[in-house]
Amino acid sequence: MKKKSANFKTCLRPVPDLLISCRDREGNDNALAVEYACNCSFDPPMVMVGIVPTRYSYPIIKETGVFVVNLVTEALRKQYKYLGTHSGKDEDKLAKLGMNIGEGVKVNAPLLLDCPVNIECSVVDSIKTGSHEMFIGKINYVHANKGIVDTEGNIDYSKIQFLKFR
């Protein structure tokens, strides 16, 4: 089979599109679209999310040391695009979109309740990798819609219609 050079930015797709939510010290909530993310430890469970330092949420997460990873469904396509193209320094994006917000159990950060899975994280480290800083978050608590969790507490990801950009 013949090979062709491909774009570096897309070499590890598909991965689920994510919204990262956070809350500043004054209690203002924000969320942004994130494309660079992955699991990075099984024990203890940790994830890594990449955020560009010029983003409004970057200093919030640096200062508070917490964030929530929210998995995005196809039904949230419009909200995902808006949260990825507008800045929280200009407006309350979550209020403008009418997003349903919940409270974290272990961290002081908002859950985006319209998302089927919300993962509360506390920052344990970060790595500057060029364009992004990768925040390594220890998973403190996982929320999932009742209908997608089996009797052993496992999430059935086949029941989620993840957002897919074409």
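Refer to the structure printed above.
Described in the following lines is the structure provided in the data block. (Residues numbered from 1 in each chain as written. Predicted model: local features only at pLDDT ≥ 70, side-chain atom pairs only at ≥ 80, totals over all residues. Heavy atoms only, no water.)

### Thoughts on the overall build of the protein chain
Along the backbone of the protein chain there are three helices and nine strands. For the protein chain, the α and β elements follow one another from N to C terminus as β-β-β-β-α-β-α-α-β-β-β-β. Along the three orthogonal principal directions, the C-alpha set of the protein chain runs to about 55 × 40 × 35 Å. Split into buried and exposed, the 166 residues of the protein chain put 42% on the buried side. Residue pairs in contact within the protein chain that sit at least 24 positions apart in sequence constitute 61% of those at least 6 positions apart. Computed over 22 positive and 19 negative side-chain charges, the inter-centroid distance for the protein chain is 9 Å. (Helix = DSSP H or I, 4+ residues; strand = E, 2+ residues; numbered from the N terminus. Buried < 20%, exposed > 50% of the residue type's maximum accessible area, 1.4 Å probe, protein only. Contact = heavy atoms within 4.5 Å. Lys, Arg positive; Asp, Glu negative; His and termini not counted. Charge placed at Lys NZ, Arg CZ, Asp CG, Glu CD.)

### So, the environment of N28
Summarising the element assignment, N28 is placed in the loop between β1 (18-23) and β2 (29-34). Taking the C-alpha atoms as reference points, N28 and K2, 26 residues apart in sequence, are found 52 Å from one another. Non-local contacts of N28, meaning those with residues more than four positions away in its chain, are made with C22 and R23.

### Describing helix α2 (residues 77-85)
Buried within α2 are the following residues: Q79, Y80, Y82 and L83. Looking straight down α2, one finds its buried side chains confined to an arc of 165 degrees; they lie on one side. The exposed residues of α2 that point more than 90 degrees off its buried face are K78, K81 and T85. For α2, the secondary structure elements touched by its buried residues are β1, β2 and α3 (93-97). (Arc of directions from axis to C-beta.)

### Observations regarding the packing of aromatic side chains
Applying the stated criterion across every chain yields a total of two aromatic pairs. Each ring, one from Y157 and one from F162, has its centre 6.2 Å from the other, and the planes form 20 degrees; the classification is stacked. By relative accessible area, Y157 is classed as partly exposed at 42%. (Phe/Tyr/Trp six-rings, centres within 6.5 Å; stacked < 30°, edge-to-face > 60°.)

### As for the pairing of strand β3 (residues 37-41)
The pairing of β3 with strand β4 (residues 46-51) spans four bridges and is antiparallel. Looking at β4, one finds that A37 is bridged to V49. Hairpin remark: β3 followed by β4, antiparallel, with four residues in the connecting loop. (Pairing = 2+ DSSP bridges.)

### Remarks on the sheet that holds β2
In a beta sheet, neighbouring strands are held together by backbone hydrogen bonds and run either parallel or antiparallel to one another. Here seven strands make up an open sheet; going across it, the order is β2-β1-β5-β8-β9-β4-β3 and the pairing antiparallel. Strand pairing shows two members of the sheet lacking a second neighbour, β2 and β3, which therefore form its edges. Shown here is a sheet whose adjacent strand axes are inclined to one another by a mean of 35 degrees, direction ignored. The sheet contact formed by strand β8 (residues 117-128) and strand β9 (residues 133-144) spans eleven bridges and is antiparallel. Bridging across to β9, K128 finds its partner in E133. In this fold helix α1 (residues 57-64) packs onto β1, β2, β4, β5 (66-71), β8 and β9, with an angle of close to 60 degrees to the strand it touches most, β1. On the sheet, α2 packs against β1 and β2 and is oriented at approximately 100 degrees with respect to β2. (Axes fitted to C-alpha atoms, helices over the stretch in contact; angles between N-to-C directions.)

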